[in-house]
Amino acid sequence: MTASKTSRAERAPVDAQTIRETCTVGLEVWVICPPELVKMKTLLGRLRGHVQLLVPEVTAVVARMRGEMRRTAVYVIVRAHHLLEEGVGTSPAAQACHAQDLAVISRALLTLFENPGPLGPPTGQDEIGEAVGRRVCGACSQPIVDGESFERALYASDSSGGLHGYLHTDSCAALAEERRTQLRAI
C-alpha cells in the first residue's frame, strides 16, 4: 500500500510496448511446449515487475473512475495483490500457470491505466483501500480480521480451473459445520 502513496513523478515511467510484449510471451507460455524451454525465472520477474509498476498507477486513478470500470479496477487490483502474495510452485507447469496469471493481470492493469474511462472527482478512497486490503472467508463470507487464523484456498469452479481466496482455519461457523458433517460420515 505504501507504493500507491508515492507521487507520479517518483514512480518509474510505464513502457506500454514492453509490457505488451512481455504479456504476449506470458499469455503464450503454453504454446511454447514444454514450458520449461521458456526462461521462466526471467519471465516471472518481468511480469511481477510490470504488475508492481502498474498497481500504484491504477490505484492512483481508481477513485476517479466510475461505474463498472471502477468495480473492475478494484477487482483487478485486489487480484494483483493476491498474485504478488502467492508463491510460485517449483514445477514447470505451476510456473507457467503463474506466468499466465501474471500476464493476464498485467494486461488488465495496462488496459485500465491507458483507458480509465470517464473520470470525475475522487470519491470513496477509504472504501477502495478497505476492499483492496480485505480478506473474506470463502465459506462464511465474513471478513477475516487481523489476528484471526486463515489459509489460502483454491475453490472448485465450473468457469475456470479454480478461484483463489481465503478460509478461516477454525473460527468459521460454516467450516465447523462442514467438518462436523465430515466426521459424521466416518
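Higher on the page you've got the structure.
This write-up is about the structure you can find in this document. (Residues numbered from 1 in each chain as written. Predicted model: local features only at pLDDT ≥ 70, side-chain atom pairs only at ≥ 80, totals over all residues. Heavy atoms only, no water.)

A short note on the side chain of Thr-22
The test is simple: Helix and strand labels come from DSSP, where a helix needs a run of H or I of at least four residues and a strand needs a run of E of at least two; each type is numbered from the N terminus. Burial classes follow relative accessibility: with a 1.4 Å probe on protein chains only, a residue under 20% of its type's maximum area counts as buried, one over 50% as exposed, and anything between as partly exposed. Should any heavy atoms of two residues lie within 4.5 Å, those residues are considered in contact.
Relative to the assigned elements, Thr-22 resides in helix α1 (residues 16–27). Thr-22 sits in the buried class, given a relative accessible area of 9%. When neighbours within four sequence positions are excluded, Thr-22 is seen to be in contact with Leu-43, Arg-46, Leu-47 and His-50.

Here's the deal with the pattern of salt bridges
Our working rule: Salt bridge, as applied in this entry: a Lys or Arg side-chain nitrogen positioned within 4 Å of an Asp or Glu carboxyl oxygen.
This structure, assessed with the given rule, holds 3 salt bridges. Two residues, Arg-20 and Glu-114, come together in a salt bridge whose shortest N-O distance is 2.5 Å. In this pair, Arg-20 is assigned in helix α1 and Glu-114 in helix α4 (residues 92–114), connecting sequence segments 94 residues apart. Here Arg-20 falls in the partly exposed class, since its relative accessible area comes to 29%. In this structure Glu-114 comes out as partly exposed when scored by relative accessible area, which is 35%.

Concerning helix α5 (residues 125–133)
Basically, it comes down to this: Arc definition: directions from the helix axis to the C-beta atoms.
Within α5, burial applies to Ile-128, Ala-131 and Val-132. Taken around the axis of α5, the buried residues stretch over an arc of 95 degrees, which confines them to a single face. Among the exposed residues of α5, those oriented more than 90 degrees off its buried face are Asp-126, Glu-127, Glu-130 and Gly-133. Looking at the buried residues of α5, the elements they touch are α2 (40–62) and α3 (67–85).

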